[in-house]
Amino acid sequence: MQQWDLSPFTVTPAASLLSRCVSAGAVTQDEIDSAFSEPAPVFSSHLQEAEEQIRKHKQLWEVQLQLELLKVDEQSADVAHAFHLSQKNEQLQLLGNHLLAILREHTVLRQRLMRPLASTSLPVEAHMHAFVVDSVQLMMDFIECLEEKLRCTHNRTSTANCLALLDSSLALMLTLAAESETLFRRIQQWRSVSTSRPGPPEAQHLSSPTAGPSAS
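The structure presented is a predicted model; accordingly, all values stated were derived computationally and were not measured. (Residues numbered from 1 in each chain as written. Predicted model: local features only at pLDDT ≥ 70, side-chain atom pairs only at ≥ 80, totals over all residues. Heavy atoms only, no water.)

Bringing the overall build of the protein chain into the picture now. A tally of helices and strands in the protein chain yields seven helices and zero strands. When each of the 216 residues of the protein chain is scored for burial, the buried share is 5%. For the protein chain, contacts bridging at least 24 residues in sequence account for 15% of all contacts bridging at least 6. A total accessible area of about 19400 Å² is found for the protein chain, and carbon and sulfur atoms account for 64% of it. (Helix = DSSP H or I, 4+ residues; strand = E, 2+ residues; numbered from the N terminus. Buried < 20%, exposed > 50% of the residue type's maximum accessible area, 1.4 Å probe, protein only. Contact = heavy atoms within 4.5 Å. Areas by Shrake-Rupley, 256 points an atom, 1.4 Å probe, with all protein chains shown as cover.)

Here you go:
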């Protein structure tokens, strides 16, 4: 009881409460003394059992919580696991580095294209000169072949027009030949008729001028 006394002549409210509990039979003096002597003091075995049950319930809740966390980790292992996340992070870093390299090359190429070509030349290594000459020759051959193809394509329409004009000229010539043949036959018939009929010399002399224009 001296642990609760602030002075040897006064009684604290805690001491008076404990004395009432002892007088009522709720606890004994031995239990109070043992409670103050233990590291984790309790006033009765019932309170100790209740505290033990609370501690066990708390441990059970912690174990259940850990079990739920393990289930969640197992379900989302392919997404949230550190191993898979590290692989995805490495892939994303590689993709980002590749895109940065492409952007740098694009920037350099755009600067080279925007640079004026006058009084400039691209550096060509010595062992590549022969290939450059062959490439230039192939380019010239390609340009000549392309010009020839374009010329043929351009002349195709004019050729079609010339063929149509030739066909019409041939038809006209055949028509004129047929008319000329018909006219020639008429002239032959007229001459044969005129020679078979002897007439006066004056009539023959008058009819001879008309034969000339008709024959022409």
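This brings us to the pattern of salt bridges. Using the criterion set out here, one finds three salt bridges in the structure. Two residues, R55 and E52, come together in a salt bridge whose shortest N-O distance is 2.5 Å. Here R55 and its partner E52 are both found in helix α3 (residues 45-75), three residues apart, which amounts to about one turn of the helix. Classification of R55 by relative accessible area gives partly exposed; the value is 36%. With a relative accessible area of 35%, E52 lands in the partly exposed category. R185 is paired through a salt bridge with E181; the nearest N and O atoms lie 2.8 Å apart. Placement of both R185 and E181 in helix α6 (residues 129-196) is noted, with a separation of four residues, approximately one turn of the helix. (Salt bridge = Lys/Arg side-chain N within 4 Å of Asp/Glu carboxyl O.)

Taken residue by residue, the protein chain gives an average pLDDT of 76. The fraction at 70 or more is 73%. The lowest-confidence element of the protein chain is helix α7 (residues 201-215), averaging 45 in pLDDT; the highest-confidence one is α6, averaging 86. When the criterion is pLDDT under 50, residues 1-7 qualifies, and its contacts beyond four places in sequence or with other chains add up to 13 contacts. pLDDT under 50 marks residues 201-216. Its contacts with residues more than four places away, or in other chains, come to six contacts. (pLDDT = per-residue confidence, 0-100.)

Looking now at a nonpolar patch on the surface. Judged by side-chain polarity, V124, M128, F131, V132, V136, M139, M140, F142, I143, L146 and L150 come together as a nonpolar surface patch covering roughly 1000 Å² of accessible area. Inspection of the secondary structure assignment puts L146 in helix α6. Judged by its relative accessible area of 41%, L146 is partly exposed. (Patch = residues over 30% accessible without salt bridge, like charges linked within 9 Å, V, L, I, M, F, W, Y side chains within 5 Å.)

The next point concerns α6. Between its terminal C-alpha atoms α6 stretches 95 Å, which fits the 100 Å expected from 68 residues at 1.5 Å a residue. Its axis deflected by about 30° at R156, α6 carries its strongest bend there. (Expected span 1.5 Å × (residues − 1). Bend = angle between axes of the 7 residues up to and from the residue.)

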